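In case you want the letters, here they are:
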Amino acid sequence: MPPLDTFRPEPGSLPARDKIPSRYKWDLTSICATWDDWSAGYTRLDAAIAAFTAFQGTLAQGAERLLAAFKAMDEMGELSYRVWYFASLQYDEDQRNNDINARRQQVQILFARQQQASSWFNPEVLAIPLETVRGWLDANADLALYRFAIESLFHEQEHVLDEQGERLMSYAGRFNSVPHDSYAALTTADVKFPLLTLANGNQVTLTYGQYRALLETNRNQDDRAAAYRAFHQAFADNQNTYAALYNGVLQRDWFHARARGYTTTLDAALHGNNIPTSVVENLIEVTKQGVEPLRRYHRLRRRVLGGSTYRLFDVFVPLVEHTVRYPYDEVGAWIVDSVAPLGRQYQQNVQRAFDGRWIDVFENSGKRSGAYSAPVYGAHPYMLLNYNETLDAVFTLAHELGHSMHTLLSQQTQPFVYASYTIFVAEVPSTLNEALFLDLMLERARSRDERVVLLQHAIDSIASTFYTQVMFADYELQAHRLVEQDHPVTADALNAIYAGLLEAYYGDVIDTEEVSRVTWARIPHFFSTPYYVYQYATCFASSASLMQGVRSKAAAERKDAVDRYLDLLRAGGSDYPMNLLARAGVDLSRPDTVRAVSAELDSLVCRLEAELELTMKDTKDTKKIVLT
Ligand SMILES: [Zn+2]
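Residues numbered from 1 in each chain as written. Predicted model: local features only at pLDDT ≥ 70, side-chain atom pairs only at ≥ 80, totals over all residues. Heavy atoms only, no water.

Peer 1: Would you take a moment to explain the overall build of the protein chain for this structure?
Peer 2: Within the protein chain, the regular secondary structure consists of 26 helices and seven strands. Relative to the globule expectation of 25 Å for 628 residues, the C-alpha radius of gyration of the protein chain, 26 Å, shows essentially globular dimensions. Expressed along its principal axes, the backbone C-alpha trace of the protein chain runs to roughly 85 × 70 × 55 Å. Each of the 628 residues in the protein chain was classed as buried or not, and the buried ones make up 52%. Surface accessibility of the protein chain: about 28,300 Å² in total, with carbon and sulfur atoms responsible for 50%. (Helix = DSSP H or I, 4+ residues; strand = E, 2+ residues; numbered from the N terminus. Rg over C-alpha atoms; globule rule 2.2 N^0.38 Å. Buried < 20%, exposed > 50% of the residue type's maximum accessible area, 1.4 Å probe, protein only. Areas by Shrake-Rupley, 256 points an atom, 1.4 Å probe, with all protein chains shown as cover.)

Written as structure tokens, this is what we have:
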């Protein structure tokens, strides 16, 4: 008999939060026992911020003083986590709650004060000669803990200008967001979404969400074609405006790079994390050489779908009709099983997340959408889900647990100053957890259709988090090179770059569609955060490369790979990401690391081919091949 408080959401219904049994809701008392407790923390933080100003002008006095200031910074930081997350996690439970929203905003106001009150800190540290600070670090063991934090501060300093230069840069800073703000206005505020009439007579407004859903679920190719063309035509209609805005992004980046003495915009973007430009260049080069498994996948899809044409609007349709619902109470045990290769301790930690109510599982009215893992220092990670029993939801859970285990191990091992990690390593554990979970699911799948669905899920996720992101990085690099080499930036020039990339990746396996070349105009990342998306791809490559060791048939090799991987998680942000990954055995500047992804994709496509070939009747005419 199931336990009395078992709960499964009715599809399409939105329960009130108090109708959901508490074991599916996170327990925030590990952060603060009560609101009184929270208020006391808030008051302490407020006082610590006020007291911190006493350090101003005194850092150069010596090692002891500098150490005391760093410790005071850490104390404020630790307290900030508790004060912030207790309010913000409760706000996300029901964002209609004005009372909690007010407290959350109160914390934000305090944070702004904290920032102002400590803005003098970095410049004052940097005013001390580096040699002097290094002497202190060698002589004072407690201060030596902060060596990496201090060294990376000085590393960033390399491209800081003199006072007059920095003042000019700060004036120019006011223009920085103009290209993106205009882009957002054009694509969101002022946009007129096309209205489409489907074959069945229904009408849809093509917002981005509707458009994606249509491509993923509508089995009528004419509908998908009409949606794709209408959606992209809206961008093509304004392509000269988009090109002018993007030129603004490129010119801004090039201005910053030159003003701060970098050779290229890529150099400028990678300097902070100390990543060599060869990493991005290698990633792009090797990925382009490894597109064959991707093309094979699309050839297979073309045959299975059986239409006379196969275009970009056909790439998301499911290969088989098969929906399984995954009740939350069942998948917890699977997820714990799936991480067995990472050892008993890791499994126990995952189990703790379920037993200790670290997870807020189901959607309820007013709850924030999406999913995340919140790294609450001083308590433990918390996860917000909107679990709806789909395969996507199960993989999202595995993904967020990967982030949470990273947080847990890092916070258990590192001092506060290094407990958080950068995006450059963050998506390694999340994607590795997903890969482990896929292995288990494939082993346990009961039918061919279920295996096909799983394989398609895994392949699509490699296509979108790896291949597409590398293609985007390639686009950004080529576009930035236009301005670096004094070439004009026009819609034609940008369209040509994008068309060239589609050709390089898909060759002739996907039939071309004229309007596809304007796709660059609808990618918000290009306008908001240049040179960012490649990090998803490098994380994916790192995780695929680590998985080769974790899956190794040789026990010693496997143990070694797992140990190195867990050390990476424990290392948090204690060094530059390239160094952390190198210690885990991942060298992103080597072609082999990147090739791990195409090898992984190749093996998945082989399995999918095998599953589908069994049931495909080969009538010698590829157009008539049908799936029975
Ligand atoms: Zn993630």
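Peer 1: Mind showing me how you'd approach helix H12 (residues 239-259) here?
Peer 2: Think of an α-helix as 3.6 residues a turn; residues three or four steps apart then line up on the same face. Relative to the 30 Å expected for 21 residues at 1.5 Å per residue, H12 spans 30 Å between its end C-alpha atoms, a close match to the ideal helical length. Inspection of H12 places Tyr242, Ala243, Leu245, Tyr246, Val249, Leu250, Arg252, Asp253, Trp254 and Ala257 among the buried residues, and these make up the whole buried set. Of the surrounding secondary structure, the elements contacted by the buried residues of H12 are helix H9 (178-189), helix H11 (221-236), helix H13 (265-271), helix H20 (448-484), helix H21 (491-506) and helix H22 (524-528). Once H12 finishes, glycine 261 follows within two positions and takes phi at roughly 80°, a positive value. (Expected span 1.5 Å × (residues − 1). Contact = heavy atoms within 4.5 Å.)

Peer 1: Help me understand the coordination of the zinc ion, please; the structure alone is not making it clear to me.
Peer 2: Metal coordination angles in their ideal form are 109.5 degrees for the four-donor tetrahedron and 90 or 180 degrees for the six-donor octahedron. Bound to the zinc ion are the protein donor atoms His399 (NE2), His403 (NE2), Glu427 (OE) and Glu427 (OE), situated 2.1 to 2.5 Å from the metal. Relative to the metal, the four donor atoms surrounding the zinc ion lie at angles of 53 to 139°, and the coordination shape comes out irregular. Considered as a linear motif, the donors of the zinc ion on their single chain read H-x3-H-x23-E. Remark: glutamate 427 occurs in helix H19 (residues 423-444) and histidine 403 occurs in helix H18 (residues 391-413); sequence separation between them is 24 residues. According to the relative accessible area criterion, histidine 403 is buried, its value standing at 10%. (Donors = N, O, S within 2.8 Å, 3.2 Å for Na, K, Ca; no water. Tetrahedral: all angles 85-135°; square planar, octahedral: opposite > 155°, others 65-115°.)

Peer 1: I would appreciate a short explanation of the nonpolar core in the present structure.
Peer 2: Nonpolar side chains in soluble globular proteins tend to end up buried together. Core analysis: the biggest nonpolar cluster contains 153 residues, and Tyr246, Tyr328, Tyr387, Phe466, Tyr475 and Trp520 have the highest contact counts within it. At 18 residues, the largest contribution of residues to this core is made by H20. If sequence neighbours within four positions are ignored, tyrosine 246 has contacts with Tyr475, Glu476, Ala479, His480, Leu494, Trp520, Phe526 and Phe527. If you look at the next biggest cluster of nonpolar residues, it comprises 50 residues, including Leu66, Phe121, Phe154 and Tyr377. (Core = buried A, V, L, I, M, F, W, Y, C linked by side-chain atoms within 4.5 Å.)

Peer 1: For this particular structure, what's the right way to read the side chain of glutamine 90?
Peer 2: As for its placement among the helices and strands, glutamine 90 is situated in helix H2 (residues 63-93). Judged by its relative accessible area of 13%, glutamine 90 is buried.

Peer 1: Is there a simple way to explain the sheet that holds strand E3 (residues 359-360) in this structure?
Peer 2: Backbone hydrogen bonds are what pair the strands of a sheet, in a parallel or an antiparallel way. Across the sheet, three strands lie side by side as E3-E5-E4; this open sheet has mixed pairing. Edge positions in the sheet fall to E3 and strand E4 (372-374), since each has one partner strand and no second. Alignment of E4 against strand E5 (residues 382-384), held across three bridges, turns out to be antiparallel. Pairing of alanine 374 across the sheet is with tyrosine 382, part of E5. (Pairing = 2+ DSSP bridges.)

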